[in-house]
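# Results of the structural survey
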Amino acid sequence: MSKIAVATDSNSGITQEQAKEYGVYVIPMPFFIDGETYYEGINLTQEQFYEKLEGNAEISTSMPAVGDVTDFWDKLLQEYDEVVYIPMSSGLSSSCETAIMLSQDYEGKVQVVNNQRISVTQKQSVLDAVELAKKGMNAEQIKEYLEKVKFDSSIYIMLDTLYYLKKGGRITPAAAALGTLLKLKPVLQIQGEKLDAFAKARTVKQAKSIMLDAMAKDFKERFQAEDGTGMHLFIAYTKDIEPAIEFREMLKEHYPKLEIEIDPLSLSISCHIGPGALAIACSKSLPE
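These lines cover the structure that appears in this document, whether it is placed above or below. Please read all numbers here as calculations on a predicted model, not as lab measurements.

### Comments concerning helix α3 (residues 66-77)
In this model α3 runs 17 Å from its N-terminal to its C-terminal C-alpha over 12 residues, within 8% of the 16 Å that 1.5 Å per residue would give. Of the residues making up α3, those classed as buried are V69, T70, F72, W73 and L76. Seen from one end, α3 has its buried residues packed into an arc of 155°, which puts them on one side. For α3, exposure combined with an orientation more than 90 degrees from the buried face picks out D71 and K75. In this structure, the buried side of α3 is in contact with β1 (4-9), β2 (25-27), β6 (82-86), α4 (95-103) and β7 (110-112).

### Brief notes about the packing of aromatic side chains
Counting across every chain of the model gives eight aromatic pairs. Relative to Y85, the ring of F72 lies with its centre 6.4 Å away and its plane at 70°, an arrangement referred to as edge-to-face. Linking F72 in helix α3 with Y85 in strand β6, this pair joins segments that are 13 residues apart in sequence. As far as the burial class goes, F72 and Y85 line up, both buried. Taking the centre distance of 5.5 Å and the plane angle of 75° together, the rings of W73 and Y85 count as edge-to-face. You can see W73 sitting in helix α3 and its partner Y85 sitting in strand β6, a full 12 residues away along the chain. Taking the relative accessible area as the measure of exposure, W73 reaches 0% and is therefore buried. Owing to a relative accessible area of 3%, Y85 belongs among the buried residues under this scheme.

### Description of the nonpolar core
Counting residues in each nonpolar core, the largest one holds 27 residues, and the members touching the most others are F219, L233, I235, L251 and I280. Contributing elements (two or more residues each) for this core: β8 (153-158), α9 (204-222), β11 (231-237), α10 (242-254), β12 (260-264) and β13 (278-284). Of the residues forming this core, the biggest block, seven residues, is contributed by α9. Look past the residues within four positions of I235 in its chain and what remains in contact with it is A244, F247, R248, L251, I260, E261, I262, D263, L278 and A279.

### Details of helix α6 (residues 139-148)
Helical periodicity: at 3.6 residues per turn, an α-helix aligns residues three or four positions apart in one direction. For α6, the set of buried residues is A139, I142, Y145 and L146. In a view along the axis of α6, the buried residues occupy a sector of 130°, so they form one face of it. On its buried side, α6 packs onto β1, β6, β7 and α5 (119-134). Two to three positions downstream of the cap, the backbone nitrogen of E140 sits 3.2 Å from a side-chain oxygen, assigning the N-cap of α6 to N138.

### Comments concerning the environment of L184
Assignment of secondary structure puts L184 in the loop between α8 (173-181) and β9 (185-190). Judged by its relative accessible area of 18%, L184 is buried.

About the thresholds
Here the residue numbers are simple positions, counted from 1 along each chain's written sequence. The predicted origin of the model limits local features to residues at a pLDDT of at least 70 and limits the giving and counting of side-chain atom pairs to 80 or more, whereas totals for whole chains, interfaces and linings rest on all residues. In computing side-chain values, all of the structure's heavy atoms are included and hydrogens and water are not. To qualify as a helix, a DSSP run of H or I must reach at least 4 residues; to qualify as a strand, a run of E must reach at least 2; elements of each kind are numbered from the N terminus. How far a helix is expected to stretch is found by multiplying one less than its residue total by 1.5 Å. Note on exposure labels: buried denotes an accessible area under 20% of the residue type's maximum, exposed denotes more than 50%, and partly exposed covers the range between, all computed with a 1.4 Å probe on protein chains only. Starting at the helix axis, one direction is taken to each C-beta atom, and the arc is that of these directions. The criterion used for residue contact is that any of the two residues' heavy atoms lie within 4.5 Å. In this scheme Phe, Tyr and Trp rings, the latter by its six-membered ring, pair at centre separations within 6.5 Å, and the angle between planes marks the pair as stacked below 30 degrees, edge-to-face above 60, and tilted otherwise. Nonpolar cores were defined as sets of buried Ala, Val, Leu, Ile, Met, Phe, Trp, Tyr and Cys residues, with membership established by side-chain atoms within 4.5 Å. In protein, a polar contact means a hydrogen-donor-capable atom and an acceptor-capable atom, both N or O and within 3.5 Å, with residues adjacent in sequence counting only if both atoms are side-chain atoms; elsewhere, any N or O pair within 3.5 Å suffices.

Bear in mind that shape data such as this cannot, by itself, settle questions of function.
And the structure:
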């Protein structure tokens with residue numbers, strides 16, 4: 001049986017400490033902040049990131065340098081026979097396509113998974129890959145499985161502010177001004193490909209209700225799991241964990257059988273949506 005390394009990038013939200021605990025490997029994503037390069041989880045913590053973001057620093061995301069990716073894989077292949085590499089969704093970054101191109105020089109030893117997830121759902125794909133390797137699947141089989149089930153996940157995100165979407169050019173200044181004036185709490189969605197508008201709410205309470213209803217509809221209609229059986233359920237947040245803890249109590253009433261994990265949203269999303277966001281996400285469990 002092949003000795004398989006499961007690897008990902010820090011868009012999964014997996015920290016370097018967690019990676020050791022899970023037995024996986026994480027390449028840190030680079031950020032350019034006021035002209036300097038920082039690496040998520042190496043010399044840039046969540047706290048430092050929000051301090052700079054709220055201090056109006058110029059922040060942009062980037063993908064890992066080609067040499068950093070190949071060096072990362074080469075090092076793993078000194079110890080393992082094969083690598084399963086799970087980067088962020090190809091719909092949100094070109095880093096996945098670049099990795100697929102680079103992997104062609106590795107004669108099948110590096111399998112890049114384009115399973116179109118990010119943050120908590122990407123993290124679950126990584127943990128699923130570990131389980132599949134334990135069950136005896138090789139790297140190519142793991143890739144095929146994860147790509148087959150890539151749309152068996154869902155994310156809804158409530159924003160606290162439109163400022164960062166406007167700053168990043170994702171909405172017009174006029175739309176942002178109107179939304180701010182009306183005190184709108186927009187709800188966005190990630191269904192594989194990219195971040196899209198989903199609904200507009202006037203209050204946090206209404207936004208939570210919209211997200212709960214959307215997830216209940218997905219459970220019932222997309223996943224045939226009305227009570228949550230066979231599903232993972234997550235809450236994610238930017239900067240402040242307290243609203244996430246409160247939201248979990250609300251969710252527990254609807255899905256008492258499920259363990260609901262709380263994780264910070266990865267910084268690559270936070271960069272575009274700002275602090276104070278709250279998200280609910282799910283993915284289908286591995287079959288027994």
